[in-house]
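Breakdown of the fold
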Amino acid sequence: MNDGHITLPSASIPVAQSVDVLVIGGGASGIAAAIAAARGGASTMLVEQRGFLGGMGTVALVPAFCPFTDKRKPIIRGLGLELMERMKQACDAGYREEYQELLDWVPIDPEVLKRVYDDAILESGVTPLYHTFVYDVVLSEDRRTVEGVIVVNKTGRSFISCRYIIDCSGDGDIAALAGVPFQKGGEAGELQPGSMCYLLANVDRSKFRRFLEESGDTGQLHKTVELAIKDGALPEGRKSISGLAWVSDYLVGVNFGHVFGVDGTLAEDLTRGAIEGRRTAERQLQFFRRYVPGFDHAHMVASGEQLGIRETRRIEGDYILTVDDFLAARSFPDDIARNAYYIDIHLANSKSDMTFNHLPPGVSHGVPYRILLPVGIDNLWVAGRSVSSDRAVQGSLRVMPNCFSMGQAAGTAAVLALRDGTGSRGITVAELQQRLLEQDVWLGEDLIPAEETGRKKEGNAP
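Here goes a summary of the coordinates provided.

Conventions used here
- Sequence order sets the numbering: in each chain, residues are counted from 1 along the sequence as written.
- Whole-chain, interface and lining totals are the exception, using all residues; otherwise, since this is a predicted model, local features are given only for residues with pLDDT of at least 70 and side-chain atom pairs are given and counted only at 80 or more.
- Hydrogen atoms and water are omitted, and side-chain values are computed over all heavy atoms in the structure.
- Here a strand is any run of E in DSSP of at least two residues, a helix any run of H or I of at least four, and the numbering for each starts at the N terminus.
- In this setup the radius of gyration rests on C-alpha atoms only. A globule is expected at 2.2 Å times the number of residues raised to 0.38.
- Burial classes: relative accessible area under 20% of the type maximum marks a residue as buried, over 50% as exposed, and values in between as partly exposed (1.4 Å probe, protein chains only).
- Note on contacts: a residue pair is in contact if any heavy atoms of the two residues lie within 4.5 Å.
- Areas reported as accessible are Shrake-Rupley estimates using a 1.4 Å probe. Residue values count occlusion only from the protein chains shown.
- Asp and Glu count as negative and Lys and Arg as positive, but His and the ends of the chain are not part of the count.
- The atoms used to mark charge sites are NZ of Lys, CZ of Arg, CG of Asp and CD of Glu.
- When the sulfur atoms of two cysteines come within 2.5 Å, that pair is taken as a disulfide.
- Think of a nonpolar core as a cluster: buried Ala, Val, Leu, Ile, Met, Phe, Trp, Tyr and Cys residues, connected wherever their side-chain atoms sit within 4.5 Å.
- Summarising the geometry, the arc corresponds to the directions from the helix axis toward the C-beta atoms.
- Stacked, edge-to-face and tilted labels apply to pairs of Phe, Tyr and Trp rings (six-membered ring for Trp) whose centres lie within 6.5 Å, assigned for plane angles under 30 degrees, over 60, and everything in between, in that order.
- Charge-over-ring contacts are defined here by two conditions on Lys NZ or Arg CZ: a distance within 6 Å of the ring centre and an angle within 35 degrees of the ring normal.
- What qualifies as a polar contact is a pair of N or O atoms within 3.5 Å, subject to a donor-acceptor requirement within protein and to the restriction that residues adjacent in sequence count only when both atoms come from side chains.
- Here a strand pair is declared whenever DSSP counts at least two bridges between the two strands.
- Between N-to-C directions, angles span 0 to 180 degrees; the directions come from axes that are lines fitted to C-alpha atoms, helices contributing only their stretch in contact.
- In what follows, salt bridge is the name for a side-chain nitrogen of Lys or Arg lying within 4 Å of a carboxyl oxygen of Asp or Glu.
- Classification remark: right-handed applies to a crossover when, strands pointing away from the viewer, the course from the first strand over the helix to the second runs clockwise.
- In this scheme, roughly parallel covers angles under 35 degrees and roughly antiparallel covers those over 145, while 65 to 115 is roughly perpendicular and the rest are oblique.
- Less than a right angle of anticlockwise turn of the near helix away from the far helix marks a crossing as left-handed, whereas a clockwise turn marks it as right-handed.
- Under the scheme applied, nonpolar residues are Ala, Val, Leu, Ile, Met, Phe, Trp, Tyr, Cys and Pro; charged residues are Asp, Glu, Lys and Arg; polar residues are all the others, including Gly.

In terms of helices and strands, the protein chain carries twelve helices and 19 strands. For 462 residues, the compact-globule estimate of 2.2 N^0.38 gives 23 Å, and the C-alpha radius of gyration of the protein chain, at 22 Å, lies within 12% of that figure. By its C-alpha atoms, the protein chain is 65 × 65 × 40 Å across when sized along the principal axes. With 462 residues in all, the protein chain has 57% of them scored as buried. For the protein chain, long-range pairs separated by at least 24 residues make up 73% of all intrachain contacts whose partners lie at least 6 apart in sequence. Counting every atom, the protein chain has about 19200 Å² of accessible surface; 49% of that belongs to carbon and sulfur. Taking the 47 positively charged and 60 negatively charged side chains of the protein chain as two groups, their mean positions are separated by 4 Å.

In this structure the tally under the stated criterion is zero disulfides. Just so you know, C66 is unpaired, no disulfide at all, and the nearest cysteine sulfur is the one on C403, 9.8 Å from it. Look at C66 and you get buried, because its relative accessible area is 12%. Here C91 stays free of any disulfide, with the sulfur of C66 as its closest cysteine sulfur at 18 Å. The class for C91 is buried, based on a relative accessible area of 6%.

Now for the nonpolar core. Judged by nonpolar contacts, the single largest core of 111 residues is most densely connected at F65, L200, F287, F288, F295, L372 and W381. When residues of this core are assigned to their parent elements, the largest contribution, twelve residues, is made by helix α11 (residues 400–420). Apart from residues lying up to four places away in sequence, F287 is in contact with T224, V225, A228, L234, I241, F256 and V292. Judged by nonpolar contacts, the second largest core, of 21 residues, contains L22, I24, V146 and L380.

The set of residues buried in helix α12 (residues 429–438) consists of L432, Q433, L436 and L437. The buried residues of α12 occupy an angular sector of 140° when the element is viewed end-on, so they sit on one face. Buried-residue contacts for α12 involve β15 (335–339) and α11. The positive-phi residue at the C-terminal boundary of α12 is D440, with phi of around 75°.

For the rest of this paragraph, the subject is the packing of aromatic side chains. The way to describe two aromatic rings as a pair is by their centre distance and the angle between their planes. Counted according to the given criterion, the structure contains 15 aromatic pairs. These aromatic residues form a ring-pair network of at least three members: F208, W246, F256, F287, F288, Y291 and F295. Sitting over the face of the ring of F182, R313 holds its NZ or CZ atom 5.2 Å from the ring centroid. Just above the ring of Y319 sits the side chain of R370; from NZ or CZ to the centre is 4.8 Å.

Once that is clear, we can look at the side chain of R398. Summarising the element assignment, R398 is placed in the loop between α10 (391–397) and α11. Only 3.1 Å separates the side chain of R398 from the backbone oxygen of D344, close enough to count as a polar contact. With residues near it in sequence (within four places) discarded, R398 still touches Q192, R310, D344, H346, R385 and C403.

Within the open sheet, the four strands sit side by side as β11-β12-β10-β13. Their pairing is antiparallel. Both edges of this open sheet fall to β11 (243–248) and β13 (299–303), since each of them pairs with a single strand only. Taken over all neighbouring pairs, the strand axes of this sheet differ in orientation by 25° on average, direction set aside.

Before going further, it helps to spend a moment on the pattern of salt bridges. In the structure shown here, the tally under the stated rule is 26 salt bridges. Across the salt bridge formed by K184 and D263, the nearest N and O atoms sit 3.0 Å from each other. Placement of the pair is K184 in strand β9 (residues 182–184) and D263 in the loop between β12 (251–255) and α8 (267–291), with a sequence separation of 79 residues. According to the relative accessible area criterion, D263 is buried, its value standing at 11%. One salt bridge in this structure joins K207 and D296, with 3.4 Å as the shortest N-O distance. Separated by 89 residues along the polypeptide, K207 in helix α6 (residues 205–215) and D296 in the loop between α8 and β13 bring together distant segments of the chain.

Along the chain, D334 turns up in the loop between α9 (323–327) and β15. Judged by relative accessible area, D334 falls into the buried class, the value being 7%. Each residue touching D334, except ones within four places of it in the same chain, is listed here: V367, P368, Y369, R370, V429 and Q433.

The next subject is the pairing of strand β2 (residues 44–47). Burial along β2 is two-sided: T44 and L46 and M45 and V47, pointing in opposite directions, are all buried. Bridge count between strand β1 (residues 15–24) and β2: four bridges; the pairing is parallel. Within β2, the residue paired with L22 across the bridge is M45. With helix α1 (residues 28–39) bridging β1 and the parallel β2, this β-α-β connection has right-handed handedness.

Before going further, it helps to examine the packing of α11 against α12. At their nearest, the axes of α11 and α12 sit 10 Å apart, and the two run at 125° to each other. The orientation of α11 relative to α12 falls into the category oblique. Where α11 crosses over α12, the two elements pack in a sense that is right-handed. Every residue of α12 that contacts α11 at Q408, A409, T412, A413, V415, L416 and R419 is listed here: E431, L432, R435 and L436. Partitioning the contact of α11 with α12 into residue classes produces six nonpolar, two polar and three charged.

Bringing unusual backbone geometry into the picture now. The phi torsion at R143 lies on the positive side, around 60°, for a residue other than glycine. By secondary structure assignment, the location of R143 is in the loop between β6 (133–139) and β7 (146–153).

Take a look at the structure:
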């Protein structure tokens, strides 16, 4: 040992797999990227550190999908919409009847969603590898391409070789290991807080609805939460519940409260956040039982395996999407998706304010291909919340529907690069856009397939 470090002996590591496209991270962006690549004919592997897919929607029990519409029409279509609809169809009859036509804030049944994702990737021909961490990346001699990754799992250490790689880790892990520059948090390094989400059973939705009607409180329980804070039953901080997502009349997913000062790229912080998050969830459970009729006998059946993380790294890409682009609802020649979700930056501490910026109904901005392209690396795409944007826009792009769109674009781009034997910047963007349109992706009124005839579900956002 020397200066707090040890030197490991050199080792011969077996090559476990060689694939065309390697996707790291099995959240929304990774699922879409892998399916798009495999459907396009590329041999594709998806590496995920847990024993199931879904990212924040299953790992952290985020209770609902954020909006797929701009409050007038669905703008997130393609694989994201397909997968959400598959979840609906796999749920029971009561769930389907209530949410069949809904596209915004659709409650997540996490166990159903896990199975839907498993089936979807296997049907597309993706090779999954669960319970696996990426230990390091191996770069080419000129450090312009990622030749593969070293992974660690119960089998041991091994090497996965790839021609193209898509970083869907949510934290820009692969890009960071490859030396791509990045930013993290605000000007002072502050990060949005995490949240410990959970599922409550043995609740009475009818009784809860009567309470809302009689008390005049809202579904976010502003008055009730403020009363509990005043009484000392809840800590200072968030003045309302972000979300109650009713999976059934007796089962509800909850997103409520914050855990501050957690950097999701540090295991020590994630450990402290998990412990503090579970304590916070228990305090909230007691609040529900005491203050909220219908929750008198609520039972917590599950809390997130991990604290829900809203932001960590933002990579530096060929273009940095800015808040001005958002507010001006700009389109770009290389758009690969549209976004209308509001800028949603949560308070960095219990005394801070939250930031919200909404676009008008029916308005969206473009998501350019260039924000997926990390500077300095030619065969790597980054999709999901760590794309190249400023902090304000990251507070909008980070949600699951947008991650589906960016992942689908990255996987489709990888197929084109593989076909042409080129890098991520060598493909023809117009052809990428056409491929996405053929996959039912919506890229705005100026880029609509001729056969598009309208959709029955437009305008049903809450």
